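The lines below spell out each chain.
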Amino acid sequence: MSRLRLGVNVDHVATLRNARGADYPDPVRAADLAMASGADGITAHLREDRRHISDQDIEALAKLTRQRGIPLNFEMAVTPEMEAICLALRPQAACLVPERREEVTTEGGLDLVGGHNRIASSVQKFFEAGIRVSCFVDADIAQIAAAKSAGVQVVELTTGPYCDAVRAGNPEAAELLKILCAAAAEAERLGLEVHAGHGIDYETVGSIAAIPQVVELNIGHFLIGESVFVGLSTAISRMRHLMNAARAGALT
Ligand code: PXP
């Protein structure tokens, strides 16, 4: 089983900054500290409405991650504007996500079955530019098959429904975890690299990290929130420890 990578999403450092219209806390400083604290990658979502990460932030994040030799995963909606920004920025990776202005956070995976042609054309352009493309998808066999046929190399499975169910004490959580495991196995069978993310915290990370096909977790909101109490470095170290322990346990 390969080592599990941790991508730290710094969007909500910018959310806090923007709440006061100040120039702190700085998501670029958070990314620097995250990388020094064991993050294997930095993720940031430049939203159409720029509610957290700004154009200036994403440019600075691209520059800093390049200097540090750590990948930037540019989360983006599949729009002509974002496509142009991504091609100019040339991050190591792009994660295509659905986006609606009214949503509080990304609410689910892309509809690859419905939007196949549009997405496949973006994927092709990024592939030619040397940018690794992932698609945020629900744990759904038809969506995973559509991702494969759209030419993506990676799927990021949405863990939000499972994590929400665990937090709510909903007995459906066990079934949702089984669905995630089956989706990860199917994605690997199709030759796709498997990532996972959304809503992961200390309680849920273990069961997700134990899914053998998953090679990368992207975690943001919980880590940034926890860092208020223990600091970002400690929050990342604890998450890393839980990921490693779950991985080691799955091997025995
Ligand atoms: N992965 C994707 C595709 C996302 O859209 C998000 C949220 O921005 C995350 C991972 C991280 O989710 P969270 O902030 O809940 O950890």
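Residues numbered from 1 in each chain as written. Predicted model: local features only at pLDDT ≥ 70, side-chain atom pairs only at ≥ 80, totals over all residues. Heavy atoms only, no water.

## Regarding helix α1 (residues 11-20)
Where α1 is concerned, the buried positions are D11, V13, A14 and R17. Mapping the buried residues of α1 onto a view down its axis gives an arc of 155°, with all of them on the same face. Structural note: α1 exposes L16, A19 and R20 on the side pointing more than 90 degrees away from its buried face. At its buried positions, α1 is contacted by β1 (5-9), α2 (27-36), β2 (41-45), α3 (55-68) and α10 (221-230). (Buried < 20%, exposed > 50% of the residue type's maximum accessible area, 1.4 Å probe, protein only. Helix = DSSP H or I, 4+ residues; strand = E, 2+ residues; numbered from the N terminus. Arc of directions from axis to C-beta. Contact = heavy atoms within 4.5 Å.)

## Observations concerning the pattern of salt bridges
Side chains that differ in charge, positive against negative, can pair when their charged atoms come close. All chains considered together, the criterion is met by 16 salt bridges. Residues D40 and R240 are paired through a salt bridge, measuring 2.8 Å at the closest nitrogen-oxygen approach. Pair noted here: D40 is in the loop between α2 and β2 and R240 is in helix α11 (residues 232-251), with a separation of 200 residues, a long-range link. R240 shares its class with D40; the two are buried. In this structure, D164 and R167 form a salt bridge, with 3.7 Å as the shortest nitrogen-oxygen distance. (Salt bridge = Lys/Arg side-chain N within 4 Å of Asp/Glu carboxyl O.)

## Describing the nonpolar core
Among the nonpolar cores identified, the biggest contains 80 residues, and I42, I58, L61, F74, L96, L112 and L217 are the most heavily contacted of them. Residue contributions to this core peak at 7 residues, all from α11. If we skip the residues at most four places from it in the chain, L217 touches L4, R5, L6, G7, A196, I200, V205, I208 and M243. (Core = buried A, V, L, I, M, F, W, Y, C linked by side-chain atoms within 4.5 Å.)

## With respect to the site of the ligand
Near the ligand you find 14 residues, and of these E75, E156, G199, G220 and H221 are the closest. Separating a nitrogen atom of the ligand from a side-chain N or O atom of E156 is a distance of 2.5 Å. Protein coverage of the free-state accessible area of the ligand, which is 390 Å², stands at 95%. Its residues assigned to classes, the shell around the ligand shows 3 nonpolar, 8 polar and 3 charged. (Near = heavy atom within 4 Å. Polar contact = N/O pair within 3.5 Å; in protein donor to acceptor, adjacent residues only side chain to side chain. Areas by Shrake-Rupley, 256 points an atom, 1.4 Å probe, with all protein chains shown as cover. Nonpolar A, V, L, I, M, F, W, Y, C, P; charged D, E, K, R; others polar.)

## A few points about the environment of P25
Residue placement: P25 occurs in the loop between α1 and α2. P25 sits 49 residues away from F74 along the chain, and the two C-alpha atoms are 20 Å apart.

## Details of the sheet that holds strand β7 (residues 193-197)
Reading around the barrel, the 8 strands line up as β1-β2-β3-β4-β5-β6-β7-β8 and close back on themselves, with parallel pairing between neighbours. Between one strand and the next, the sheet's axes are offset by a mean angle of 25°, whatever the strand orientation. Across 5 bridges, strand β3 (residues 72-77) lies against strand β4 (residues 93-97) in parallel orientation. Bridging from a neighbouring strand, E75 pairs with C95 of β4. Contacts from helix α4 (residues 80-89) reach β3 and β4 within the one sheet, and its direction differs from that of β3 by about 165°. (Pairing = 2+ DSSP bridges. Axes fitted to C-alpha atoms, helices over the stretch in contact; angles between N-to-C directions.)

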